[in-house]
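Descriptive structure summary
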Amino acid sequence: MSKEGQFTIEMTHLSGYEFKVNFGLENVPELLVDEPAPLGESKGPNPSRVLAAAAANCLSASLLYCVSKNQPPAGSVRTTATCTIDRNDKGRMRIGRMDIKLIVSGELENAVRMKRCLDLYEDFCVVTASLRDGFPIDVDVVNQAGESLHKV
């Protein structure tokens, strides 16, 4: 596959299991999905960006649930998902890989269940586990200082 480009989406944990997603697009409604030109009008994130948000959300929510169960502390995680778009041997654009980084708060990092959950939470992420059948996904959980706590 030849390399075509990359994009990154960012998610911020608000409270409970609610996240705000920044699709990296200026002046675009967050809920509208649209293909880029020539198919669409670039009025919203395309399906590849929505897929990246789905993987990032699934991993973030799985980690929060494992560590906190009922009520995760607000603002516990910021997540980025970077997708690399490649062309396959037929010249068709495909997601070639995804790199996801979860940046956890100090409160989450120091939670009693955190160490155990780092080895478990990915097993419960339906989206990421399914996508890994098609392309590689690397996941890194880091603290606010950028130190890696767990990498897969």
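The rules behind each value
Residues numbered from 1 in each chain as written. Predicted model: local features only at pLDDT ≥ 70, side-chain atom pairs only at ≥ 80, totals over all residues. Heavy atoms only, no water. Helix = DSSP H or I, 4+ residues; strand = E, 2+ residues; numbered from the N terminus. Expected span 1.5 Å × (residues − 1). Disulfide = S-S within 2.5 Å. Buried < 20%, exposed > 50% of the residue type's maximum accessible area, 1.4 Å probe, protein only. Core = buried A, V, L, I, M, F, W, Y, C linked by side-chain atoms within 4.5 Å. Contact = heavy atoms within 4.5 Å. Pairing = 2+ DSSP bridges. Phe/Tyr/Trp six-rings, centres within 6.5 Å; stacked < 30°, edge-to-face > 60°.

Digging into helix 1 (residues 47-68)
- For helix 1, with 22 residues, the first-to-last C-alpha span of 31 Å sits near the 32 Å given by 1.5 Å per residue.
- Lys69, located one to two residues past helix 1, shows a positive phi value of around 55°.

What to know about the state of the cysteines
- Within this structure, the stated rule accounts for 1 disulfide.
- Across the disulfide, Cys66 is cross-linked to Cys117 (sulfur-sulfur distance 2.1 Å). One quick way to see it: the torsion about the S-S bond of Cys66 and Cys117 is about -85°, and its sign makes the bridge left-handed. On the criterion of sequence distance, the pair formed by Cys66 in helix 1 and Cys117 in helix 3 (residues 114-118) is long-range, its members being 51 residues apart. For the pair formed by Cys66 and Cys117, the shared burial category is buried.

A short note on the nonpolar core
- In terms of nonpolar packing, the biggest core is built from 37 residues, with Ile9, Leu63, Met98, Ile100 and Leu102 touching the most fellow members.
- Put simply, the parts of the chain that give this core at least two residues each are strand 1 (2-15), strand 2 (18-22), helix 1, strand 3 (77-87), strand 4 (93-104), helix 3 and strand 5 (137-142).
- For this core, the element with the most residues is helix 1, which contributes 11 residues.
- Not counting residues within four places of it along the chain, the set of residues in contact with Met98 comprises Ala52, Ala55, Thr82, Cys83, Leu131, Phe135, Pro136, Ile137 and Asp138.

Focus: the pairing of strand 6 (residues 148-151)
- As paired strands, strand 5 and strand 6 are joined by 3 bridges and run antiparallel to one another. If you follow Val142 over to strand 6, its bridge partner there is Ser148.
- In textbook terms, the turn of a hairpin is the stretch between consecutive antiparallel strands, and for strand 5 and strand 6 this stretch comprises 5 residues, one of which, Gly146, has a positive phi near 90°.

Overview of the packing of aromatic side chains
- Across all of its chains, the model carries 1 aromatic pair by this definition.
- Pairing Tyr17 with Tyr65 gives two aromatic rings, centres 6.5 Å apart and planes at 45°, and the pair type is tilted. With Tyr17 in the loop between strand 1 and strand 2 and Tyr65 in helix 1, this pair connects stretches of sequence that are 48 residues apart.
- Of the residues examined, Tyr65 reaches a relative accessible area of 45% and is grouped as partly exposed.

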